[in-house]
Amino acid sequence: MEILTNFSLKNFNTFGIEAKAKQFVAVHSSAELKTILEQNKSQKKFILGGGSNMLLTKDIDALVIHVDLKGKKIKEENDDFVWVESQAGENWHEFVLWTIDQNFGGLENMSLIPGNVGTTPVQNIGAYGTEIKDTFVSCEAMTIENQEVKTFTNSECHFGYRESVFKNEVKNQYIITSVVFKLTKRNHKINTSYGDIKVELAKNNPEASGQTPTLKEVSNAVIAIRKSKLPDPKELGNSGSFFKNPILLKTDFEKIHQKFPEMRFFDISETEVKVPAGWLIEQAGLKGKRFGDAGIHKNQALVLVNYGNATGQEILNVSKIVQETVFDTFGIQIEAEVNII
C-alpha cells in the first residue's frame with residue numbers, strides 16, 4: 001500500500017471534476033484498511049467508494065482512502081432464497097448482472113445505477129419501485145476511530161427515502177466493508193409497476209404482453225430506459241439523479257395541486273405524496289439549460305452534467321439556480337441527493 005501525495009481525483013468521481021487529494025491510498029482488504037487506519041490515527045480522513053454520489057467543490061485536505069475490496073459469495077441458501085455477500089468495492093451494476101445470471105431475484109430494477117456496493121446502504125439507493133432496504137440483510141462496517149467491526153442489521157440501518165443511519169446518527173464514523181442481500185431463487189417478485197418498464201417490455205417483446213417477464217427482461221428494460229434518459233458518466237460527467245423527489249404532506253400538496261392541476265404525484269402513504277423533481281425542473285423551463293460547461297441534461301432534468309471542464313463550484317451554482325427557480329415557480333423545496341464535498 002503506497003500513500004500518494006497531491007493525487008488527482010478526476011478519474012475517481014463520476015462528475016469528472018479535477019480536484020486533488022493531499023494524500024491518497026487504495027485498500028484491497030479489510031486487513032489493509034485496518035492497518036491504514038491504525039497507522040494514520042491523527043490524520044484527517046476522507047472515505048472514497050465509487051465516487052458516484054458526490055460533487056467535489058474543492059481539493060481534499062486529508063488522507064483519501066479508496067475502498068477497493070473485491071469479492072462475492074453465497075453465504076447460505078435454501079430452496080427459495082439465497083443470502084449473497086458482496087465486498088464493498090464491487091461495482092454495483094456488475095454485481096446486479098451477476099445475481100441475474102444466477103437467477104437470483106430482487107435487484108433487477110436497480111440495474112445500471114452507478115457506484116459500488118458498499119455505498120448502496122448509505123443512500124438506500126432505489127429505482128423503479130424497489131430500494132436496497134427491500135433485500136438488504138446486513139452489512140459489516142469498521143469504525144474509523146478504533147477499527148472495531150460491527151454488523152448492522154436492516155432495522156439498525158434506519159432506512160428512509162435516500163436515508164440511513166450512515167447519513168445521520170453514525171455519519172463519518174464507519175466504513176462499510178461488505179453487504180449481505182437476501183434474494184429469491186424462485187417465485188420472484190417481479191415489479192413492473194412503473195409504467196416505463198411495461199412500455200419498454202411491450203416494445204421489446206409484444207407477443208409476451210400479459211406474461212410475467214424474466215429477471216433479465218426486466219433488467220434489460222431498466223437498462224434501456226436509463227440509457228435513453230441518463231448520460232454515461234464515461235462520456236459526460238454526472239452523478240445520476242442530483243436531486244431527491246420531494247415528499248409533501250397531502251394537506252400542503254392539495255393547495256399546490258389546485259394551482260398546478262397537471263402536477264404529477266405518487267401517493268406514498270395516507271398522509272404524504274411524492275412529486276417527481278424532474279417534472280418540476282422541466283416545467284420550470286430548465287431542462288437542457290447550459291451555464292458554461294455546467295448544465296441540466298437535455299433528456300433528464302434530474303441530472304446535472306459536466307460538459308468538459310466545469311468546476312464543482314460551477315455545478316453547485318447550477319444546482320442552486322435549479323432549487324431557487326423550482327421554489328419560486330411552485331413553492332416546493334428540492335434537496336440535493338448528491339453529497340456536496
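Residues numbered from 1 in each chain as written. Predicted model: local features only at pLDDT ≥ 70, side-chain atom pairs only at ≥ 80, totals over all residues. Heavy atoms only, no water.

## Some details on the layout of surface pockets
Stated precisely, the cut-off is as follows: In this analysis a 1.4 Å probe is tested at points of a 1 Å grid over the protein atoms alone, and where it fits but cannot get out there is a cavity; an open set with protein on both sides within 12 Å along at least five of seven lines is a pocket; lining residues have an atom within 4 Å of a point. Grid points are joined across faces, edges and corners, and a volume is the space filled by probe spheres set on the points. Comment: elements are numbered from the N terminus, with helices defined as DSSP H or I runs of at least four residues and strands as E runs of at least two. When residues are grouped by polarity, Ala, Val, Leu, Ile, Met, Phe, Trp, Tyr, Cys and Pro land in nonpolar, Asp, Glu, Lys and Arg in charged, and all others, Gly among them, in polar.
Considering only enclosed or pocket space, the second largest pocket measures out at about 960 Å³ in volume. As for the second largest pocket, its lining consists of 37 residues, and the residues nearest its centre are T14, P114, D232, P233 and K234. Listed by contribution, the elements that provide at least two residues to the lining of the second largest pocket are α2 (92-101), α5 (215-229) and β13 (237-238). Here the lining of the second largest pocket is built from residues that sort into nine nonpolar, 19 polar and nine charged.

## Concerning the confidence of the model for the protein
Which entries qualify depends on this criterion: By definition, pLDDT measures how confident the predictor is in each residue, and it falls between 0 and 100.
Across the protein, the average pLDDT comes to 91, with 98% of residues at or above 70. Looking across the protein, the model is least confident in helix α4 (residues 195-204), with a mean pLDDT of 79, and most confident in strand β7 (residues 81-87), with 97.

## Re the pairing of strand β10 (residues 136-143)
Going by this rule: With a 1.4 Å probe rolled over the protein chains alone, any residue whose accessible area is under 20% of its type maximum counts as buried; one over 50% counts as exposed, and the rest are partly exposed. When DSSP finds two or more bridges between a pair of strands, those strands are recorded as paired.
Within β10, six of the eight residues are buried, which leaves the element mostly enclosed by the surrounding structure. In this structure, β10 lies alongside strand β12 (residues 174-184), joined through seven bridges in antiparallel fashion. Its bridge partner lying in β12, A141 is registered against I176. In this sheet, strand β11 (residues 149-153) lies alongside β10 in antiparallel orientation, the contact comprising five bridges. Across the sheet, the residue bridging to C139 is F152, located in β11.

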